[in-house]
Amino acid sequence: MRMARIPSSEAHDLIPELLRKDMVNRHAKISKDGDFRLVPVLDSAIDEMCARGYEIVDGDAHSRDRTPPQVRIRNALSDLPEEVLSKLPMRWESVGDIIIIKLDQSADPYKVRIGEVYAQELDADTVCVDRSGVSGEFRQPSMELIHGTKTKSTRLENGIKYCFDVTKVMFASGNVDERERMKNLDCTGETVVDMFAGIGYFTLPLAKFSGAKRVIACEKNPDSYEFLVDNVRINEVSHIVEPMLGDNRDISGTCFADRILMGYVQITSEFIPKALEMIKPGGIIHYHDTFYINEYREKVDEVFRKACGDRRFVVEGIREVKSFAPSVSHYVADIRILD
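Source: prediction; values computed, not measured.

**A word on the pattern of salt bridges**
Consideration 1: Counted according to the given criterion, the structure contains 32 salt bridges.
Consideration 2: In this structure, Arg 305 and Asp 301 form a salt bridge, with 2.2 Å as the shortest nitrogen-oxygen distance. Of this pair, Arg 305 and Asp 301 both sit in helix H10 (residues 296-308), four residues apart, which is roughly one turn of that helix.
Consideration 3: Of the residues examined, Arg 305 reaches a relative accessible area of 48% and is grouped as partly exposed.
Consideration 4: On the accessibility criterion, Asp 301 (28% relative accessible area) is partly exposed.

**Here we look at the environment of His 12**
Consideration 1: Along the chain, His 12 turns up in helix H1 (residues 8-20).
Consideration 2: The sequence separation of His 12 and Ser 78 amounts to 66 residues, and the corresponding C-alpha distance is 9.3 Å.
Consideration 3: If sequence neighbours within four positions are ignored, His 12 has contacts with Asp 79, Leu 80, Tyr 110 and Arg 113.

**Concerning the packing of aromatic side chains**
Consideration 1: Applying the stated rule across the entire model yields 10 aromatic pairs.
Consideration 2: An angle of 85° between the planes, with centres 5.0 Å apart, marks the rings of Phe 196 and Phe 271 as edge-to-face. Residue Phe 196 is located in the loop between strand E11 (191-194) and helix H7 (203-209), and its partner Phe 271 is located in the loop between strand E14 (257-262) and helix H9 (272-278); the two are separated by 75 residues in the primary sequence. The residues Phe 196 and Phe 271 share a single accessibility class, namely buried.
Consideration 3: One aromatic cluster is present, formed by Tyr 162, Phe 164, Phe 171 and Tyr 201 through successive ring pairs.
Consideration 4: The ring centre of Tyr 162 lies 6.0 Å from the NZ or CZ of Arg 179, which sits over that ring.
Consideration 5: The ring of Phe 209 carries Lys 183 above its face, with NZ or CZ at 4.8 Å from the centroid.

What counts and what doesn't
Sequence positions are assigned chain by chain, starting from 1 and proceeding in written order. Reporting of local features is limited, given that this is a predicted model, to residues whose pLDDT is at least 70; pairs of side-chain atoms are given and counted only at 80 or more, and all residues count toward the totals for whole chains, interfaces and linings. Excluded from the side-chain calculations are hydrogens and water; all other atoms, namely the structure's heavy atoms, are used. Only one rule defines a salt bridge in this text: a Lys or Arg side-chain nitrogen within 4 Å of an Asp or Glu carboxyl oxygen. Helix and strand assignments come from DSSP, with helices taken as H or I runs of at least 4 residues and strands as E runs of at least 2, each series counted from the N terminus. Buried means the residue's accessible area, taken with a 1.4 Å probe over protein chains only, is under 20% of the maximum for its type, while exposed means over 50%, and partly exposed covers the values in between. Residues count as neighbours in contact if any of their non-hydrogen atoms are within 4.5 Å of one another. Working definition: rings of Phe, Tyr and Trp (its six-membered ring) pair if their centres are within 6.5 Å, and the pair is stacked with planes under 30 degrees apart, edge-to-face with planes over 60 apart, and tilted otherwise. Lysine and arginine charges are scored as sitting over a ring when NZ or CZ, respectively, is within 6 Å of the ring centre and within 35 degrees of the ring normal.

This is the structure:
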């Protein structure tokens with residue numbers, strides 16, 4: 001393998017340039033040799049590298065094809081300061097050809113280079129940094145692009161296509177098990193209301209696979225609603241799903257829903273009266289909220305006793321969806337309203 005022997009002091013600027021010019025053999029690893037980096041180059045690049053004054057040496061270069069991407073990323077950025085290198089994220093979110101990472105502030109001076117390497121090693125068009133999670137009523141993300149310009153893509157999960165813009169709406173990857181559970185429910189002939197539909201997180205798997213007859217999917221965020229409409233069409237469930245833009249408390253009708261999804265947290269209890277207005281006797285409410293891990297059962301019972309008054313209900317099950325904060329988790333409770 002022909003390799004260019006590049007001083008480590010020059011590697012930070014030169015290697016990204018060589019990658020952009022397609023002069024590097026991307027199937028081989030960049031390695032270290034003392035104060036030098038050995039960069040496997042294509043035969044077509046040898047003359048130019050020699051003209052620039054770099055030594056070309058022969059050696060064994062390990063294939064990068066079977067090397068874990070975490071190792072390849074660290075190797076490609078090994079010239080960065082150790083305090084930055086040690087904090088590079090080794091986990092990330094993938095949305096089609098978009099990668100989302102979390103980055104320590106100490107890495108900011110090198111973020112363009114880091115974005116280029118993550119894009120290269122993970123075969124992505126765009127790399128974004130999740131700066132502060134989600135915030136506000138619409139749970140909007142705080143994303144910074146550090147490589148590329150494309151922000152809209154499609155995530156395929158459990159037979160469902162979720163199309164969205166990562167800079168406009170969140171995607172709760174930790175809810176994957178609950179989305180799978182919605183897919184596997186038997187809702188044959190049911191009318192379902194999704195009070196917090198988002199881009200169709202729970203609506204789509206339920207509508208496509210559960211046998212539901214009708215799903216009213218309500219979403220207040222205009223950006224999320226736009227993608228909800230697109231996703232209903234893309235997943236070919238337009239004959240089942242009725243997207244609605246606005247506050248779910250404006251949904252008309254009483255005692256018409258067999259099942260209600262309440263996929264929100266922290267203030268979900270404020271919307272229970274509306275859910276009780278819409279649910280049929282014998283219907284089920286899938287109620288999401290956050291509780292301390294040692295008191296979630298008592299709190300679910302307390303919330304529904306207060307809201308239901310004289311109406312009877314039974315808690316058929318409670319599942320942990322994901323960790324939310326220290327000693328706090330996101331739970332979903334299946335509540336059957338008896339009368």
